[in-house]
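Descriptive structure summary
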Amino acid sequence: MTLTTQALFAGSPRFPAHKAHKAPTVICEEGPAFDWRSLFDQGVAQGLATVQGPFAVALPMDDGSVVLAVDRFGVHTLCYRMVDGQLHWAMRADDLAGLPGQPEAELQPQALFDYLYFHTIPSPQTAFTGVQRLQPGHWAHFANGQLTVAPYWTPRFSPMRAPSFDTLRDEFRQLLRSAVQHSLGPGRPACFLSGGTDSSTVAGLLAEVTGNRPASYSIGFDAEGYDEMAYARLAAKHFGTDHHEYYVTPADIAASLPRMAASFDQPFGNSSVLPAYHCALQARQDGITQLLAGDGGDELFGGNARYAKQRVFGWYAHLPAVLRGGLLEPLLLRSPLGGWPGLRKGRSYVEQAQVPMPDRLQMYNLLLRLGPAEVLEPGFLHMVDAAAPLAHQQAVWNAPTQASELNRMLAFDWRYTLAESDLPKVNHATGLAGVSVAYPLLDDALLAFSERLPDAYKLKGLKLRWFFKEALRGFLPDEILTKKKHGFGLPFGVWAHEHEALRQLVTDSLGSLSTRGIVRPAFTKSLLQTMLPQYPGYYGEMVWILVVLELWLQAHLPGLKFDGAGRG
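Residues numbered from 1 in each chain as written. Predicted model: local features only at pLDDT ≥ 70, side-chain atom pairs only at ≥ 80, totals over all residues. Heavy atoms only, no water.

A separate point is the overall build of the protein. A tally of regular secondary structure across the protein gives 26 helices and 16 strands. Against the compact-globule benchmark of 24 Å for 568 residues, the protein has a radius of gyration of 24 Å, which places it among compact chains. Over its C-alpha atoms, taken along the principal directions, the protein stretches across nearly 70 × 65 × 50 Å. Looking at the protein residue by residue over its 568 residues, the buried ones come to 55%. Partitioning the intrachain contacts of the protein with sequence separation of at least 6 by distance along the chain shows that 72% fall at a separation of at least 24. (Helix = DSSP H or I, 4+ residues; strand = E, 2+ residues; numbered from the N terminus. Rg over C-alpha atoms; globule rule 2.2 N^0.38 Å. Buried < 20%, exposed > 50% of the residue type's maximum accessible area, 1.4 Å probe, protein only. Contact = heavy atoms within 4.5 Å.)

Take a look at the structure:
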């Protein structure tokens, strides 16, 4: 089944909240007429496991029960709330927070902490007490006033033992072509093009399968170290696309950030949503109705730098125990020698290598590095469980059975990088611009292909996405195959420090946030006056997520304050 995205966000039509006895809510190409009930005759979980492509369904059954389900990557979402034995569902969490005739759902302090930790609020929680979001690959069954939630799909890796590169390469190329072909919607073919491996692959295949010049859209930044337009131009020329460029300015960010932050149903802190929005907006102004996006290639085929980095840390466990415990750890961790300039990197390596996965992945988490007690008011911190995010991550890490550490990292990113961050970002940006989006690299056949690809084909030594690149050598320009991953990264910290209008927006937002009993005023003062000017590229991320939080609160809960014992 090939499915398409519908616009769900501010500026586009929104689905109303439904109760259990109402008509079905279905998002898919086939629409409500698709025979979901017959699909479930063999069992709901078994039937859902056969559905291909993105979908969300809320279906009242003949026996009075209700089935809710979303696709494997959570491209489409469903939120739900139980009130007085009735199940309510909607696409957005805020639609369920204020149901007519029902008590207003309060904001969860834990959700705000999770937002500051993840820069999003991972499912199943939402910002609102009692409102939950169905996790990717999960379904829910409501019957007799009771709701049960369970996965119908979890990643299952079965790497091939004797692969043939040539055979796999040919299969892979055909799967890519089919995925792009199946993703095409009505209107002129068009795609995002950052100049990276994934977007360039989609652009090239789009030109190949359509036989004409598809439109490609890129975003640039007039800031040193952030502009990747040269690679987008290279790909556009190589594949003969009708290329369009737009350079986002600090004034664009200052003007559109309040509206963007407010348009989400809960705080959302992925800063590349604004570049993606301006890119989609240019396409919409040209009459484009659908864009293909390249999200997923890194996560399915081993392209993120942290995969190689964590492999290096994993080597430590294979050293002889006598070397680790008898020499390296006493020398580097328990003696002054570990602080010597020539040995500091060794000490840092051992410290990180000793931390088990997935906790090790969070050693550079911005909130943890700064210290929750330094960032947050004591009263607010007392209301939350600071260990809850790590527990959430541990559960996701343990979900795949019999998986290697590399494949666990991939599945981990399918949840946190894709389902909870990048896909909502692109969905929202395109929806706000009035354009639909499809993700050919997340095609189910490519997902299954990834699950049986050997580890060494994903990460060969320390070479990232080795098979993907070798399989497309000769198709993609060599310069793109060897470039580092970048994407539409936003130089927000630099601009927030240098651009007057944006600096004023930041100052006003953080000043207002400092009065809510969440973030310590001393921290926001230090962040603006000391940290940001010294390291704008690093601390700009914290400035961004705090500003977005305040702008969202101003739009949704302007009077919210915590007094140390709860809401004020």
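The next subject is the packing of aromatic side chains. The relative placement of two aromatic rings is captured by the distance of their centres and the angle of their planes. Taken as a whole and judged by the stated rule, the model has 30 aromatic pairs. Their ring planes at 70 degrees and their centres at 6.1 Å tell us that Phe73 and Trp414 sit as a pair that is edge-to-face. Of this pair, Phe73 sits in the loop between β4 (66-70) and β5 (79-83) while Trp414 sits in helix α18 (residues 405-433); the two residues are 341 residues apart in sequence, bridging distant segments of the chain. The residues Phe73 and Trp414 share a single accessibility class, namely buried. Cluster of aromatic residues (ring-pair linked, three or more members): Phe165, Phe172, Phe301, Phe449, Tyr457, Trp466, Phe467 and Phe468. The positively charged end of Lys460 is found above the aromatic ring belonging to Trp466, 4.5 Å away from the centroid. (Phe/Tyr/Trp six-rings, centres within 6.5 Å; stacked < 30°, edge-to-face > 60°. Lys NZ or Arg CZ within 6 Å of the ring centre and 35° of its normal.)

It is worth spelling out the nonpolar core at this point. Residues Phe172, Trp414 and Phe492 are the most contacted members of the largest nonpolar core, which totals 161 residues. Counting residues per element, this core draws most heavily on α18, at 13 residues. Setting aside residues no more than four positions away along its own chain, Phe492 makes contact with Ile253, Leu257, Leu502, Val506, Gly540, Val543 and Trp544. (Core = buried A, V, L, I, M, F, W, Y, C linked by side-chain atoms within 4.5 Å.)

For the rest of this paragraph, the subject is the pairing of strand β6 (residues 86-90). Among the five residues that make up β6, four are buried, leaving the element largely enclosed by the rest of the structure. Across five bridges, the pairing between β5 and β6 is antiparallel. Within β6, the position partnered with Met82 by the bridge is Leu87. Taking the residues that link successive antiparallel strands as the turn, the β5-β6 hairpin has two residues, and the phi of Asp84 there is positive, at about 55 degrees. (Pairing = 2+ DSSP bridges.)

On to the side chain of Gln393. Within the fold, Gln393 resides in helix α17 (residues 388-398). If sequence neighbours within four positions are ignored, Gln393 has contacts with Tyr117, Phe118, Pro358, Gln362, Phe412 and Tyr416.

As a further point, take the environment of Pro330. With respect to the helices and strands, the residue Pro330 is situated in helix α12 (residues 321-333). Given a relative accessible area of 27%, Pro330 falls into the partly exposed group. With 44 residues separating them in the primary sequence, Pro330 and Asp286 have C-alpha atoms 64 Å apart. In this structure Pro330 touches Arg324, Gly325 and Ser335, once residues within four positions along its chain are discounted.

Moving on, we get to helix α13 (residues 344-353). Within α13, the full set of buried residues consists of Val350, Gln352 and Ala353. The buried side chains of α13 occupy one side of the element, clustering within an arc of 165 degrees when seen end-on. In the core, the buried residues of α13 are packed alongside α11 (305-315) and α12. (Arc of directions from axis to C-beta.)

Axis separation between α11 and α13 bottoms out at 9 Å; the angle between their running directions is 90 degrees. Taken together, the axis directions place α11 and α13 in an arrangement best described as roughly perpendicular. Mapping the contact onto sequence places Lys309, Val312, Phe313 and Trp315 in α11 and Tyr349, Gln352 and Ala353 in α13. Taken together, the residues that form the contact of α11 with α13 break down as five nonpolar, one polar and one charged. (Axes fitted to C-alpha atoms, helices over the stretch in contact; angles between N-to-C directions. Parallel < 35°, antiparallel > 145°, perpendicular 65-115°, else oblique. Nonpolar A, V, L, I, M, F, W, Y, C, P; charged D, E, K, R; others polar.)

Turning our attention to the side chain of Arg81. Within the secondary structure layout, Arg81 lies in strand β5. Within the structure, the side chain of Arg81 is placed 3.4 Å from the backbone oxygen of Ala97, a separation counted as a polar contact. Reaching out from Arg81, the side chain makes a polar contact with the backbone oxygen of Pro103 at a distance of 2.8 Å. Apart from the residues within four sequence positions on either side, Arg81 is in contact with Gln86, Leu87, His88, Leu96, Ala97, Gly98, Leu99, Pro103, Glu104, Ala105, Gly130 and Val131. (Polar contact = N/O pair within 3.5 Å; in protein donor to acceptor, adjacent residues only side chain to side chain.)

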